[in-house]
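What the coordinates show
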Amino acid sequence: MKLVVRVIEARNIPAMDLNGLSDPYVRLQLGRNRFRTKVVKKNLNPSWHEEFTFWVEDLSEDLVVSVLDEDRYFNDDFVGQLKVPVSRVFDAEDKSLGTTWHKLHPKNKKSRSRDCGEILLNVFFAQNSAFMPSNSDDDHLPPLRKHPDFTVESPSRSFSGSSRSSSPMPSGMRMEDCATKEEKVIAQKTIAGRIAQIFIKNGDLASSTSARSVDSSELFETPIAEVYENKPEEQSSSCNFEEAMKRMEAKDEEKECPSDLPGGVLLDQLYVVASSELNSLLFAPDSHFPGALADLQGTTELQQGPWVFENGGDSLKRVVSYIKAATKLIKAVKATEDQTYLKADGKVFAVLATVSTPEVMYGSTFKVEVLYCITPGPEMPSGEESSRLVISWRMNFIQNTMMKGMIENGARQGLKDSYAQYGSLLAQNVKPVDPKDVGSNKEQVLASLQVEHQSDWKLAVQYFANITMVSTIVAVLYVSTHIWISAPSTIQGLEFVGLDLPDSIGEVIVSALLVIQAERVLKMIARFMQARVQKSSDHGVKAQGDGWLLTVALIEGSNLASVDPSGFSDPYVIFTTNGKTRTSSIKFQKSDPLWNEIFEFDAMDEPPSVMEVEVLDFDGPFDEATSLGHAEINFVKTNLADLADVWIPLHGKLAQACQSKLHLRIFLNNTRGNNVVTEYINKMEKEVGKKINLRSPQANSAFQKLFGLPPEEFLINDFTCHLKRKMPTQFFFYPFSSFKLFLEKLGRLFLSARIIGFHSNLFGHKTKFFFLWEDIDDIQLETPTLSSMGSPIIVMTLRPGRGMDARHGAKSQDAQGRLKFYFHSFVSFNVGQRTIMALWKARSLSPEQKVRIVEESESKSLQTEEGGSFLGLEDVYMSEVYSSVLSLPANFFMELFSGGDMEYKIMQKLGCLNYSSTLWELDKGDTYVRQICFKFDKHVSRYRGEAVSTQQRSLLPDRKGWVIEEVMTIHGIPLGDYFNLHLRYQIEHAPLKGKGCSVNVFFGIEWLKSTRNQKRISKNINSNLQARLKLMMDEIEKEFLTGK
């Protein structure tokens, strides 16, 4: 007999925490079976809306309902409880107590005066439940009370609206109808029933020691099949599977498909089959797939029961039982799986499965939950339908146990192995779709798009057909007719021939209205002509180069906001990724525009992380456009197969009010094949200065699964380090004082082309997060401290509003809302820091940031000693490459290093493009430091490399001149990472009446790596430098003479 308890809500719960609130949850117990609800944080009037099911063996038992307050670090606080006799429910009308408020009572009698609040419950006996006897005599089962003519199964199961479970065996179960209530009452009241109960208890005790292998089906002569056949028709709630699906579809309330469970995704695959057909293959009673899977996995005694509507037809459920094959660690165990349809609308199907394995160690403390989600996939180029199957899981612990981490890890490994076999068998029955194939067929998919061609006359009629233009035409005709039929007026007042002024206030008002109307019409005409010029946009512009090619097809828009007086808008769309933009055409007077335009972005060396989409309303060439909505597409968190045909909801006040959406088709292809990974790693090796090993496919796959990344993401390097973060709560040691603590988490830092992620799993406590390189605003180094164990600390500061999914790993958040992450104690700090800086620089697009960022290796070589020379500079042999006495003051020559207009002008003449410099900053004593960044013109270097240098300025010992020392690193040229260039400019006042200066330039090369081309490179740089120095001195003398 099944007792259903619905925990709805509570009110007036007393405050148990110091903040004046509570974290209540409900614990239910009937006999040895115990369940609990979720915890509602910081609430005195919580709502749960959860349902639990108990199997009743003795009507004399009491249902104990307890409300407790969760305490994370100490024992949970008792709030109140009540006891409901099961016999009271059984004797009530319709076997139900109804939805009733029950008063909670304190645990001891001394506190009866204390108000513990009330709880709203609905307790009743299920009328339409069906179940079957077990096939084996299990020692874990509670005592059974059975009538000689029928059987009853005792293991407890719970059905909760918020919880889901499943097992590695996704199949159905055998079910058997129970006896009528009258028979149960008779069995409990007869002496034979009492003796049978005692006998079964003894049998259970015996089976726990030696008779576990005895089959309990031998105790009953009636076969299960006959029980189904003899079950009264009015008590059966099972029906045909197809009819059940139609009934679920008719009752669908357009609920969203449930999100993936937090335990992780076990299978995510596209199949060339309709979603309804895939649903039938996996869950139909007559499907051959569960049996084939049982044979493959060694599962025996598979029992499948019919799908049954319960709770008045609100839910469709079935039960499956089987014996799981033995493994090296665990013997063969019996499992019971409850499957429930959460959604079935004919296209989207969601099935929640809950698996109980009480025979395993600690099996009564947990249930495994698996969620099967079947959704329609993109249409295949051949016209066939596709569907996507996503299987996720989580562990639901009913009772607390110290073995939680070990149990969860063991279940995770078992599920991975089981569903690997599940996926391989399913691929043999249904053809899987490779996401690369979807992207490779993009030409066939996009070929069907037809751009809507409209003539200019048709657009003009559509645009100008409004009240403004109609009223203007009427006004022009009216005034023209008036002039035609009116006689010329006499000249009076200040009028003269050719000037006719208004003769009354009414004429002044009419003239003003005509002028305003004419102005509006002229603006409309100018706006239309400007929009026609922009109409062609970037549609059809082909991408250039090899690498990652991004193609976006803009299909249509839906429910765009109307901002024009006409009730429509003139929308156009701007796509932005990696600093590149594409703009669509303008659609006049449309709220549901149809574009069918294709945009291609030039090839990129690394895959894009995000693409920003902005929908604007065209208001003319000089007016600020009104935003109709915006969206961000994250390629790291989204499967490329899902983007092949997707509706993107827009954000913003106007968009959310109108529920605006865009229909896009997005394809990302790699034209270089596997070489793109190798080329990118080689590029990073030059930046880091150390060999980076190419990771195996197995390592990349594990990295992708760990963070849920798409298959194109590849691991570059990982490091063991510590994460310093703030504890999620505060410890109170005194009622009026508290202080915050910080946790040190040992884990691994994973670096890829687009993300930086951290993962830690210590004693079952997991910390996992990642964020994009583009999210990082700044990276700084902090000096070693005692808490960092003498290691420098890398502090990453994110941009405002970015990385909120990773905020649980941040140590602090500043006043601007920027999260700060602290990493230290790297096993190899130098390699880790250089790799992080190189990857960040590769994704950074701002030239100003490139000037500001200097790698650790460069910063070390540019630090100063007390003597004022660079560290490491003494090891570089420097020779004089230029020496001259210029007829200009030394102060004027120093303008070349001041960051003023003359410096930028001369550097541009020397072929330095995008030249930028920072301000001089005081370093030590009279020593100042600044950074410079520029690109070489093609006439200077055909490779157009980029130079980043640091300059140090100080006075000569006799204070009669200056010394400018410079270390330069050149990127983007062959062997540029093999050397650094060192320059020293020595400027002194010359004894020529105080109007001249002596300039000496010294040059040296610091070789970071050995190469047989050192002499050739040195000779080439030396000759080029001498020519540039001579040209620079000539230009500064010209500037001095011009200034005179």
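Only a predicted model underlies this, so the values are computations on that prediction, with no experimental measurement involved.

Judged by how many residues are buried, strand β33 (residues 793-798) sits mostly within the fold: six of six residues are covered. Judged by which residues are buried, β33 turns out to be covered on both faces: Ile 793, Val 795 and Thr 797 on one side and Ile 794, Met 796 and Leu 798 on the other are all buried. Strand direction decides the pairing type here: strand β32 (residues 776-782) and β33, joined by six bridges, are antiparallel. Residue pairing across strands places Ile 779 opposite Met 796, the latter belonging to β33. With four bridges joining them, β33 and strand β35 (residues 819-824) adopt antiparallel strand pairing. Paired with Thr 797 across the two strands is Lys 820, which belongs to β35.

So, about the sheet that holds strand β20 (residues 580-583). Strand order in the open sheet made by the four strands is β20-β19-β22-β23, with antiparallel pairing throughout. Of all strands in the sheet, those with a lone pairing partner are β20 and β23 (626-634), marking the two edges. Across the sheet, the axes of successive neighbouring strands diverge by a mean angle of 20°, strand direction being ignored. Bridge count for strand β19 (residues 571-577) against strand β22 (residues 610-617) is six bridges, and the pairing is antiparallel.

Before going further, it helps to examine unusual backbone geometry. The phi dihedral of Tyr 362 is positive, around 60°, even though this residue is not glycine. Counting through the fold element by element, Tyr 362 comes out in the loop between β14 (349-356) and β15 (366-376).

Turning to a nonpolar patch on the surface, a few remarks are in order. On the surface, a cluster of nonpolar side chains totalling about 410 Å² of accessible area is made up of Leu 494, Phe 496, Leu 499 and Leu 501. Checked against the element boundaries, Leu 501 lands in the loop between α12 (467-485) and α13 (505-534).

The next point concerns the packing of aromatic side chains. Taken as a whole and judged by the stated rule, the model has 31 aromatic pairs. On the numbers, 6.1 Å between centres and 50° between planes, the contact of Phe 758 with Phe 823 is tilted. Taken together, the residues Phe 758 in strand β30 (residues 755-762) and Phe 823 in strand β35 connect sequence positions 65 residues apart. We note that Phe 758, like Phe 823, is buried. Aromatic pair Phe 771 and Phe 821: ring centres 4.9 Å apart, planes at 40°, arrangement tilted. Taken together, the positions of Phe 771 in strand β31 (residues 765-772) and Phe 821 in strand β35 put the pair 50 residues apart, joining distant regions of the chain.

For the protein, mean pLDDT is 76; residues scoring 70 or higher make up 76% of the total. For the stretch residues 128-237, pLDDT sits under 50, and the model shows 257 contacts to residues farther than four places along the chain or on other chains. Note that pLDDT drops below 50 for residues 845-874; the model gives that stretch 66 contacts with residues more than four away or on any other chain.

What follows concerns the pattern of salt bridges. Overall, the coordinates contain 26 salt bridges when judged by the stated rule. The partner of Glu 903 in a salt bridge is Arg 930, and the shortest N-O contact between them spans 2.8 Å. Of the two residues, Glu 903 sits in helix α21 (residues 901-909) while Arg 930 sits in strand β39 (residues 927-936), which places them 27 residues apart along the sequence. One exposure class covers both Glu 903 and Arg 930, and it is buried. Its salt-bridge partner being Arg 984, residue Glu 965 comes within 4.0 Å of it at the nearest N-O pair. Within this pair, whereas Glu 965 is found in strand β41 (residues 961-971), its partner Arg 984 is found in strand β42 (residues 979-990), the two being separated by 19 residues in sequence. Connected through shared salt-bridge partners, Asp 777, Arg 799, Asp 814 and Arg 818 make up one network.

In an α-helix, one full turn covers 3.6 residues, which means residues spaced three or four apart are oriented alike. Helix length check: helix α17 (residues 829-843) (15 residues) gives 21 Å between terminal C-alpha atoms against 21 Å at 1.5 Å per residue, within 8%. Burial analysis of α17 places 13 of its 15 residues in the buried class, which makes it a mostly covered element.

This part covers a positive patch on the surface. Together, Lys 416, Lys 705, Lys 766 and Lys 768 make up a positively charged patch on the protein surface. Here Lys 705 lies in helix α16 (residues 697-707). When its relative accessible area of 68% is taken as the criterion, Lys 705 is described as exposed.

The rules we used
- Residues numbered from 1 in each chain as written.
- Predicted model: local features only at pLDDT ≥ 70, side-chain atom pairs only at ≥ 80, totals over all residues.
- Heavy atoms only, no water.
- Buried < 20%, exposed > 50% of the residue type's maximum accessible area, 1.4 Å probe, protein only.
- Helix = DSSP H or I, 4+ residues; strand = E, 2+ residues; numbered from the N terminus.
- Pairing = 2+ DSSP bridges.
- Axes fitted to C-alpha atoms, helices over the stretch in contact; angles between N-to-C directions.
- Patch = residues over 30% accessible without salt bridge, like charges linked within 9 Å, V, L, I, M, F, W, Y side chains within 5 Å.
- Areas by Shrake-Rupley, 256 points an atom, 1.4 Å probe, with all protein chains shown as cover.
- Salt bridge = Lys/Arg side-chain N within 4 Å of Asp/Glu carboxyl O.
- Phe/Tyr/Trp six-rings, centres within 6.5 Å; stacked < 30°, edge-to-face > 60°.
- pLDDT = per-residue confidence, 0-100.
- Contact = heavy atoms within 4.5 Å.
- Expected span 1.5 Å × (residues − 1).
- Lys, Arg positive; Asp, Glu negative; His and termini not counted.
- Charge placed at Lys NZ, Arg CZ, Asp CG, Glu CD.

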